[in-house]
There are 2 protein chains.
Amino acid sequence: MTPNADFERIFHPRRVAILGVSTQDWGFGRGIMDSLLSIGFEGKIYPVNPRGGEIYGHKIYAQVEDIPEDIDFAIIAVAAPLVPAALAACREKGAAGAEILSAGFRELGTQEGMALEEAIKVEAKKGIRVIGPNCFGIYCPKSGLTLLPGPDLSRKTGPVAFLSQSGGMAIDLAFMGMWMGFSFSKVVSFGNGADLREVDFLEYLTQDPETGIIALYIEGIEDGERFIRAVKQAAAKKPVIVYKGGLSESGKRAVASHTASMGGQKEIWEALIKQVGAVQVRSFQELCHTIQAFSMLPPRTYRGMTVLGGGGALGVSACDAAEENGLYFPALTGTIYENIYAALPKPGSSAVNPIDVANPFVPPQTLSQVMQEAAKDERVDIQVQITLFYHFKQMVKRLKLGTLKEIVPVDQYVEAAYEAKEKTGKPVVMVLPNCRQESSDLEVEEIVRLARESFHQRGIPVFHNLPDAMQAIRNVSMYYEHKQKTTS
Amino acid sequence: MTPNADFERIFHPRRVAILGVSTQDWGFGRGIMDSLLSIGFEGKIYPVNPRGGEIYGHKIYAQVEDIPEDIDFAIIAVAAPLVPAALAACREKGAAGAEILSAGFRELGTQEGMALEEAIKVEAKKGIRVIGPNCFGIYCPKSGLTLLPGPDLSRKTGPVAFLSQSGGMAIDLAFMGMWMGFSFSKVVSFGNGADLREVDFLEYLTQDPETGIIALYIEGIEDGERFIRAVKQAAAKKPVIVYKGGLSESGKRAVASHTASMGGQKEIWEALIKQVGAVQVRSFQELCHTIQAFSMLPPRTYRGMTVLGGGGALGVSACDAAEENGLYFPALTGTIYENIYAALPKPGSSAVNPIDVANPFVPPQTLSQVMQEAAKDERVDIQVQITLFYHFKQMVKRLKLGTLKEIVPVDQYVEAAYEAKEKTGKPVVMVLPNCRQESSDLEVEEIVRLARESFHQRGIPVFHNLPDAMQAIRNVSMYYEHKQKTTS
């Protein structure tokens, strides 16, 4: 019988030992200590290394036993063969859990690696719950625990939890959140998952009041039935987004050498995930966009939409992308049509929906009026605005108007879209493509990023392009549609 | 009988009249004159406006008739009702063709608009070939003709021709080429296509020795049979990439108000395009990536590939994305496997393929050796390297090493990949994701862009992410596979 995990002490430890901190090289132990100090971990840190010494003003203890008080959590970065004994020492020192950053276990496929991983399991059963090995550990913005390569992650907390068999994907998603406008309750890179795995954390996060959205990257599952049951229970309470890697034939082989898991049958997986009401995504990009949309859009189904922007082909592309994703554009008619038409520059505009505003310099206030008018059509659930900031570069150059930053009315765009969203109760989504990405165009990129950050602060999600936006909206809608059906 | 078009005089005019250049406002006429001067158009420019005067040191002629010599080409930017007479005057002045930037014709759906467009057709039949109306015109880097919003497009010529019913997409693609590493022979935004349309240009470009790749964005076709025949003939000689907008139901409506064309049945279109050996793409993004891949990859089929990069999940994702696109990863074995394994850091790496190099700081020379070794497997047709430059930001900060630009060995990466490509004869494709896109991370973006530009100079295409790369490689491969089948 494995004891229950004390997740409170694991995610918010007050006393942490780091095993394998060297003053002489830049290994994982030193790396994670740097990261914890840099992010501002709230608890006490006890570095451990048989050579002793001092680092960053902290005494290095020769062994865990020498630490003057009990610990809550351990971070283990010693060579693989030393890990089981280290784990035992931490358990005896009172640790509720340990993350093992070291690699060299089951993923090697060797007898020795297998045996070492078994030894970890044996220790775990005695009472210290294990994250890893072969992982980047836990990122918890509230306590200041962070991933191995996460010294400059944000301390801002948010509703997103991410469980990842891959350390690389855990750190990548944590970075993505910083500019895509979502923050985290907990991120767990669990690597080989010798003890605690996706399903354990999933069960915990289902009950965790700080977690509103659960995302998973999994390569393989040990107990399929328990996992599907856990996903079903979680999805009944909050959105669950599943990215399953290794569903292809060569993907299965890659999974085997990455985290030593078994892949699965693509069709079976996807059917099961859908059936239990979770959202299945097929790429890291889709995972990110979908989390972003869940973080910012009201919890509803979305079918009818408007799109407005300068350029008729954008509207055409929007329609095609929408229809592939089960969304549609109701044709605007009557006074709504007439009022929108009256507000737009002529010739070159179209008020039918997609709404072609004819050029990229239509004032933000006009765009807001158009959206407020369009929202009166009750078939419209959500509105997408495409703004092409890169066209300002030419205008600025041509009219010798100063810098791009001085000229582009970013704040007006943000307030106008926010007004449309607030007054109508219907969400607004921005698409800010950037077609000018030469190294000499960095000032365009800067404008796009500053605008994106402001939109996000106002709860308006920003996407690079239409297909990404449509896919994300579709995923949110599908989740709530399934929920409606199963609860009614 | 419409006369043949003198495309030489249309694309490389020596004397151009611009009708509708005002000294008082910033309309299309003034805009295109600015653009031509800015890009450095090689021929003479004769601005025309009944008010006369002077602009940028050029005399403004009150009417076309007053221009002291015959003209080759005219750019018409006067109000729609004045266009037919303007066109007649230009024809009498010897112009082989004219682009009509003005809107206000058939796309309005009004009787007047229809009648004006008919009048254009009547004039065209008398001997002046028309591009437009409702378009951005021609971009021809060789002669210096440029699109209405194209003052800072490149004068560099290249093999890509783009025919676009949408002006917005024409300018967007022209911008994309500047950083995606491809250049143009001719870009034509033909708008409503009252006279010359996609099919006319397609027939011309099939024979044009300066054009090696033809891309099209079309919303509707007038003569389907002739178009499909033209695509077939073109695709037999050079790659043809077709992006058909408006294949969805609401897309058809958007097409009607954008360029007044009829949409089409999605399934029929896609089957036909495939059957005649052209490449069908489904988004602007795919269009760009596919052109990029055709520009830089050797003309072959691609099936077996390697991927190498730091991070096991990247390899897993690569496999999944590859398999969706008909590509696969042969498992490396024997001495090839052993030599690669010996070169990689341990533990954490994997040499099976996908090749996991364990961390993002493996020296470029090692990566090059690995690729040279992997290329010995005859099943390997192409190699993809993923490099995560954003991880250098932390390293630089942590080790207090100076600026990112000083530290990231971009040149070494480029030379290493180039060496692998040249020595093996097998192309290398780079994927440079950027997970850090806050406004405070612009220095990371700069490194990515500088690296991208260097890779492109060495003929190595760079993509943002794996799915884009796989899709682009697949499209290139499908084209040559079809060609092999039909010519053998």
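Please read these numbers as outputs of a predicted model, since none were measured by experiment.

Rules of the game
Residues numbered from 1 in each chain as written. Chains lettered and ligands numbered in written order. Predicted model: local features only at pLDDT ≥ 70, side-chain atom pairs only at ≥ 80, totals over all residues. Heavy atoms only, no water. Helix = DSSP H or I, 4+ residues; strand = E, 2+ residues; numbered from the N terminus. Rg over C-alpha atoms; globule rule 2.2 N^0.38 Å. Buried < 20%, exposed > 50% of the residue type's maximum accessible area, 1.4 Å probe, protein only. Contact = heavy atoms within 4.5 Å. Areas by Shrake-Rupley, 256 points an atom, 1.4 Å probe, with all protein chains shown as cover. Lys, Arg positive; Asp, Glu negative; His and termini not counted. Charge placed at Lys NZ, Arg CZ, Asp CG, Glu CD. Axes fitted to C-alpha atoms, helices over the stretch in contact; angles between N-to-C directions. Parallel < 35°, antiparallel > 145°, perpendicular 65-115°, else oblique. Left-handed = near helix turned anticlockwise from the far one by under 90°. Disulfide = S-S within 2.5 Å. Least-squares fit on C-alpha atoms with pLDDT ≥ 70 in both. Expected span 1.5 Å × (residues − 1). Arc of directions from axis to C-beta. Pairing = 2+ DSSP bridges. Right-handed = clockwise from strand over helix to strand, strands pointing away. Buried area = accessible area lost by both parts, 1.4 Å probe. Salt bridge = Lys/Arg side-chain N within 4 Å of Asp/Glu carboxyl O. Polar contact = N/O pair within 3.5 Å; in protein donor to acceptor, adjacent residues only side chain to side chain. Nonpolar A, V, L, I, M, F, W, Y, C, P; charged D, E, K, R; others polar. Patch = residues over 30% accessible without salt bridge, like charges linked within 9 Å, V, L, I, M, F, W, Y side chains within 5 Å.

S.K.: Please give an account of the overall build of chain A that cites residues and values.
M.R.: When helices and strands are tallied, chain A shows 18 helices and 18 strands. Relative to its length of 488 residues, chain A is compact, with a C-alpha radius of gyration of 25 Å against a globular reference of 23 Å. Overall, chain A is about 80 × 55 × 40 Å in size when its C-alpha atoms are taken along their principal axes. Among the 488 residues that make up chain A, the fraction classed as buried is 62%. Sequence-distant contacts, at least 24 apart, represent 74% of the contacts inside chain A between residues at least 6 apart. Taken as a whole, chain A presents about 17300 Å² of accessible surface, with 51% of it coming from carbon and sulfur. When the 50 basic and 56 acidic side-chain charges of chain A are each reduced to a single mean position, those positions are 2 Å apart.

S.K.: Describe the packing of helix H5 (residues 167-180) of chain A against helix H10 (residues 284-296) of chain A, listing the residues and the values that go with them.
M.R.: Residue and element names in this part refer to chain A. Put simply, H5 and H10 touch, their axes get as near as 11 Å, and they point 45 degrees apart. Judged by the inter-axis angle, H5 sits oblique to H10. Between H5 and H10 lies a crossing of right-handed hand. Together, Met 169, Asp 172, Leu 173, Met 176 and Met 180 of H5 and Phe 284, Leu 287, Cys 288, His 289, Ile 291, Gln 292 and Met 296 of H10 make up the contact between the two elements.

S.K.: Explain the state of the cysteines to me, and be specific about the residues and the numbers.
M.R.: A complete count under the given rule lists zero disulfides over all chains for this structure. This cysteine, A:Cys135, is not joined by any disulfide, and A:Cys90 carries the nearest cysteine sulfur, 14 Å off. The cysteine A:Cys435 is free of any disulfide, with B:Cys288 supplying the nearest cysteine sulfur at 7.0 Å. Here A:Cys435 falls in the buried class, since its relative accessible area comes to 4%.

S.K.: Outline the relation of the copies chain A and chain B, supporting the account with residue identities and numerical values.
M.R.: Superposing chain A onto chain B requires a rotation of 180 degrees together with a translation of 0.0 Å along the rotation axis, leaving an RMSD of 0.0 Å. Taken together, the rotation and translation relating the two chain copies correspond to the operation of a two-fold axis. Closest to the rotation axis within chain A is the C-alpha of A:Leu442, separated from it by 3.8 Å. Most of the interface of chain A is mirrored in chain B, where 100% of its interface residues again form contacts.

S.K.: Give a detailed account of helix H4 (residues 111-125) of chain A, specifying residues and quantitative values.
M.R.: Residue and element names in this part refer to chain A. For H4, with 15 residues, the first-to-last C-alpha span of 21 Å sits near the 21 Å given by 1.5 Å per residue. When we look at burial in H4, the residues that qualify are Gly 113, Leu 116, Glu 117, Ile 120, Glu 123 and Ala 124. Buried residues in H4, looked at end-on, bunch into an arc of 115 degrees, giving them a common side. Phi turns positive one or two residues past the end of H4, at Gly 127, with a value near 135 degrees.

S.K.: Break down the pairing of strand E5 (residues 73-76) of chain B for me, citing the residues and quoting the values.
M.R.: Residue and element names in this part refer to chain B. The alternating pattern of E5 places Phe 73 and Ile 75 and Ala 74 and Ile 76 on opposite faces, both of which are buried. Judged from the four bridges that link them, strand E1 (residues 15-19) and E5 form a sheet pairing that is parallel. Paired with Leu 19 across the strands is Ile 76, a residue of E5. Taken together, the four bridges between E5 and strand E6 (residues 97-100) define a ladder with parallel strand orientation. Counterpart to Phe 73 in the pairing with E6 is Gly 97. One crossover worth recording links E5 to the parallel E6 by way of helix H3 (residues 83-92), and it is right-handed.

S.K.: Residues and numbers for the sheet that holds strand E7 (residues 129-131) of chain A, please.
M.R.: The strands that make up a sheet pair up through hydrogen bonds in the backbone, lying either parallel or antiparallel. Residues and elements named next belong to chain A. With parallel pairing, the five strands of this open sheet are ordered in space as E2-E1-E5-E6-E7. Two strands close off the open sheet at either side, each with one partner strand: strand E2 (44-48) and E7. Geometrically, the sheet is characterised by an average inter-axis angle of 20 degrees between neighbouring strands, direction not taken into account. As defined by bridge partners, strand E6 (residues 97-100) adjoins E7 across three bridges and the pair is classed as parallel.

S.K.: Tell me about the pairing of strand E10 (residues 184-189) of chain B, residues and numbers included.
M.R.: Residues and elements named next belong to chain B. For E10, a buried count of six out of six residues is recorded, marking the element as mostly surrounded by other parts of the structure. As paired elements, strand E8 (residues 137-139) and E10 share three bridges and run antiparallel to each other. Bridged to Tyr 139 within E10 is Val 187. Of the pairings in the sheet, the one linking strand E9 (residues 157-164) to E10 comprises six bridges and is parallel in character. When the bridges of E10 are listed, Val 160 appears paired with Phe 184. Handedness of the β-α-β unit built from E9, helix H5 (residues 167-180) and E10 comes out right-handed.

S.K.: Quick rundown of the interface of chain A and chain B? Include the residues and the values.
M.R.: Contacts between chain A and chain B engage 81 residues on the former and 82 residues on the latter. Together, the buried faces of chain A and chain B total about 6200 Å²; carbon and sulfur atoms form 53% of this surface. The closest approach of N and O atoms between B:Arg282 and A:Glu324, which form a salt bridge, is 3.7 Å. Remark: the boundary between chain A and chain B carries 24 residue pairs in polar contact (both at pLDDT 80 or more). Residue assignment for the side of chain A that touches chain B shows that the elements contributing at least two residues are helix H2 (28-39), H5, strand E12 (240-244), helix H8 (249-259), H10, helix H11 (312-324), helix H14 (391-399) and helix H17 (442-457) of chain A. Ranked by residue count, the leading element in the side of chain A that touches chain B is H11(A), at nine residues. Its residues assigned to classes, the side of chain A that touches chain B comprises 31 nonpolar, 26 polar and 24 charged.

S.K.: Tell me about the sheet that holds strand E11 (residues 213-218) of chain A, and name the residues and values.
M.R.: Residue and element names in this part refer to chain A. Reading across from one edge, E8-E10-E9-E11-E12-E13 is the order of the six strands in this open sheet, with mixed pairing throughout. On the outer flanks of this sheet lie strand E8 (137-139) and strand E13 (279-281), each paired with one strand and no other. Averaged over neighbouring strand pairs, the angle between their axes works out to 20 degrees when direction is ignored.

S.K.: Requested: an account of the environment of A:His464, with residues and values cited.
M.R.: With respect to the helices and strands, the residue A:His464 is situated in the loop between strand E18 (462-463) and helix H18 (466-487). Note: C-alpha distance between A:His464 and A:Asn434 (30 residues apart in sequence) is 7.4 Å. If we skip the residues at most four places from it in the chain, A:His464 touches A:Trp179, A:Val431, A:Leu432, A:Pro433, A:Arg452 and B:Gln437.

S.K.: Just give me the short version of a nonpolar patch on the surface, but keep the residues and values in it.
M.R.: Together, A:Leu399, A:Leu401, B:Trp26, B:Leu37 and B:Tyr56 make up a nonpolar patch on the protein surface, roughly 440 Å² of accessible area in all. As for its placement among the helices and strands, A:Leu401 is situated in the loop between H14 and helix H15 (404-407). Judged by relative accessible area, A:Leu401 falls into the partly exposed class, the value being 36%.

S.K.: An account of the environment of A:Trp179 is needed here, citing residue identities and associated values.
M.R.: Structurally, A:Trp179 is set in helix H5. Expressed as a C-alpha distance, the spacing of A:Trp179 and A:Arg449, which sit 270 residues apart in the sequence, is 8.2 Å. Sequence-distant contacts of A:Trp179, that is, excluding residues within four places in its chain, are made with A:Arg452, A:His456, A:His464, B:Asn434, B:Cys435, B:Arg436, B:Gln437 and B:Glu438.

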